[in-house]
Amino acid sequence: MASNDLNAIAKAMVAPGRGILAADESTGTIGRRFDSISVENVEENRRAYRDMLFTTKGIGDHISGVILYDETLRQKSADGTSFVDLLNKNGVLPGIKVDAGTKALPFCPNELVTEGLDNLQKRCAEYVKLGAKFAKWRAVIDIGADIPSATCIAANAPICQEAGLVPIVEPEVLMDGDHNIERCEVVTEWTLNAVYEALYMNRVSLEGSVLKPSMVISGKKCPQQAGVQEVAERTVRILKRTVPAAVAGIAFLSGGQSDEVATAHLDAMNKLGNLPWPVSFSYGRALQAASLKAWRGQAANVPAAQAALAHRARMNGLATLGKYSADLEKKAA
Ligand code: 13P
């Protein structure tokens, strides 16, 4: 695929006022989400849940793309329309998770490496045929006493680009742990430097790629929790040091932040202004949590669940423009 096609897709993914819905939970992860609402983790429930999300009226207003899981990319809406066609009809780009999860990293206790390079070329070619426009690959970096010691930024991005998929490069520095925000800043800066060195060595076209980083934030168990402004300033500072301006855009993961905090952080970064790339969202939990809770597996709850998703998408859309305020939360979706 011509690199300017990739660039056009990448730009559309982070267009002002819009961002990405991460709905690519693996079967195991969606099972944990369903446990919280006592819904059985069977294919029909997974399909019905994603159907509820994707048929939300006006989903394309603030959602530019949806990351799907392999199973979901092949599923259909209740009326028989494929999810891919449904999303396209609503102006939403279908994307696909292409990593195969994580496993223990040899010789590095407590660290993980992402699997999925085997057959990636073949899988990408099939995903393109099925209608995917972009692909996500997640690496996990955990902060602990003696970790991270190393990072594995696998050579997936050039394979995706060769197949015609925009790679979302996702190095997630986990929020778990009692580290302070300073340590998170150091580790995130180091990680992003390693990412961009690896992407350069792998000849990835930065213009046809999107970065999905974690924010610089205090560890969940750290007694000192940094405020919104500090998170925004530290995050933007290290992004400016490490992420080339040629990258099409940045779309953050939420990583376990509460819905409103994730929105406030994104908004504060955009309020700082003077950013060399669009700064948007690619949230999973922070977009879906309220909707999942409202849904509870009941058809009767679909309107309320869709209203909850539409509301969060709108709040985050405003945050990409630096136009969010907590007051807007009170107004029902
Ligand atoms: P969260 O926003 O819930 O962290 O999910 C984003 C994602 O895609 C994780 O890989």
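**With respect to helix α2 (residues 27-35)**
Thought 1: Taken together, the buried positions of α2 are occupied by T29, I30, G31 and F34.
Thought 2: Where α2 is buried, its residues touch α3 (43-54) and α12 (285-295).

**Here we look at the packing of aromatic side chains**
Thought 1: Tallied over the full model, the rule gives five aromatic pairs.
Thought 2: Ring centres of F34 and Y49 lie 5.7 Å apart, and the angle between their planes is 90°; on these two criteria the pair is classed as edge-to-face. With F34 in helix α2 and Y49 in helix α3, this residue pair connects regions lying 15 residues apart in the sequence. Of the two residues, F34 and Y49, neither departs from the other in class, the shared state being buried.
Thought 3: Ring plane angle 40° and centroid distance 5.7 Å describe the contact between F281 and Y283, whose orientation is recorded as tilted. For the pair F281 and Y283, one class covers both residues: buried.
Thought 4: Each member of the aromatic cluster is reached from another via a ring pair, and the members are F34, Y49 and W295.

**Describing the side chain of N316**
Thought 1: With respect to the element layout, N316 can be found in helix α13 (residues 302-319).
Thought 2: Its relative accessible area of 0% is what places N316 among the buried residues.
Thought 3: Beyond its immediate chain neighbours, meaning those up to four positions away, N316 contacts T263, L266, F281, Y283 and L287.

**Here we look at the pairing of strand β3 (residues 93-97)**
Thought 1: For β3, the tally of buried residues reaches five of five residues, placing the bulk of the element in the interior.
Thought 2: Residues of β3 alternate between two faces, with L93, G95 and K97 on one and P94 and I96 on the opposite face, all of them buried.
Thought 3: Judged from the four bridges that link them, strand β2 (residues 63-68) and β3 form a sheet pairing that is parallel. Each residue of the ladder has a partner; that of G65, found in β3, is L93.

**Topic: the pairing of strand β1 (residues 19-23)**
Thought 1: Summarising burial for β1: five of the five residues are buried, a large majority.
Thought 2: Alignment of β1 against strand β10 (residues 279-283), held across two bridges, turns out to be parallel. By the bridge assignment for β10, I20 is matched with S282.

**A word on the pattern of salt bridges**
Thought 1: A full pass over the atoms with the stated rule returns 21 salt bridges.
Thought 2: Salt-bridge contacts for E25 lead to R50; the nearest nitrogen and oxygen are separated by 3.0 Å. Of this pair, E25 sits in the loop between β1 and α2 while R50 sits in helix α3, and the two are 25 residues apart along the sequence.
Thought 3: Among the residues examined, E25 registers a relative accessible area of 8% and is labelled buried.
Thought 4: We note a salt bridge from E230 to R234, for which the minimum N-O separation is 2.8 Å. Residue E230 and its partner R234 are located together in helix α10 (residues 228-242), separated by four residues, close to a single helical turn.
Thought 5: A residue is classified by how much of its surface remains accessible, and E230, at 31% relative accessible area, is partly exposed.
Thought 6: Using a relative accessible area of 14% as the deciding quantity, one classes R234 as buried.

**Focus: unusual backbone geometry**
Thought 1: For N110, which is not a glycine, the phi torsion comes out positive at approximately 70°.
Thought 2: With respect to the secondary-structure elements, N110 resides in the loop between β4 (102-104) and β5 (112-114).
Thought 3: On the accessibility criterion, N110 (66% relative accessible area) is exposed.
Thought 4: Residue N274 is not a glycine yet carries a positive backbone phi of 55°.
Thought 5: Tracing the sequence through the fold places N274 in the loop between α11 (259-272) and β10.
Thought 6: By relative accessible area, N274 is classed as exposed at 70%.

**Some thoughts on α12**
Thought 1: Listed in full, the buried residues belonging to α12 are A286, L287, Q288, S291, L292 and W295.
Thought 2: R296 lies just past α12 and shows a positive phi near 55°.

**Some remarks on the sheet that holds strand β6 (residues 134-141)**
Thought 1: Overall, parallel pairing links the eight strands, which are arranged β1-β2-β3-β6-β7-β8-β9-β10 in a closed barrel.
Thought 2: The sheet strands contacting α3 are β1 and β2, and the helix crosses β1 at an angle near 165°.
Thought 3: Most of the contacts of α12 go to β1, to which it runs at about 60°, and overall it touches β1, β2 and β10.

Criteria and thresholds
- Within every chain, residues take consecutive numbers counted from 1 along the sequence as written.
- Since the coordinates come from a predicted model, pLDDT governs what is reported: local features require at least 70, and pairs of side-chain atoms require 80 or more to be given and counted, while whole-chain, interface and lining totals use all residues.
- Heavy atoms throughout the structure, all of them, feed into the side-chain values; hydrogens and water do not.
- Only protein chains enter the calculation, and the probe is 1.4 Å; a residue is then buried if its accessible area is under 20% of its type maximum, exposed if over 50%, and partly exposed in between.
- Strands are runs of DSSP state E lasting at least 2 residues, helices are runs of H or I lasting at least 4, and numbering of each runs from the N terminus.
- Any two residues whose heavy atoms approach within 4.5 Å are treated as being in contact.
- Only Phe, Tyr and Trp rings are paired, with Trp represented by its six-membered ring, and only when their centres lie within 6.5 Å; those with planes under 30 degrees apart are stacked, over 60 edge-to-face, the remainder tilted.
- Here, strands pair whenever DSSP counts at least two bridges between them.
- Here, a salt bridge means any Lys or Arg side-chain nitrogen found within 4 Å of an Asp or Glu carboxyl oxygen.
- Axis geometry follows a simple rule: fit a line to the C-alpha atoms, using only the stretch in contact for helices, then measure angles between N-to-C directions, giving values from 0 to 180 degrees.

Treat this as a map of the structure, not an account of what it does.
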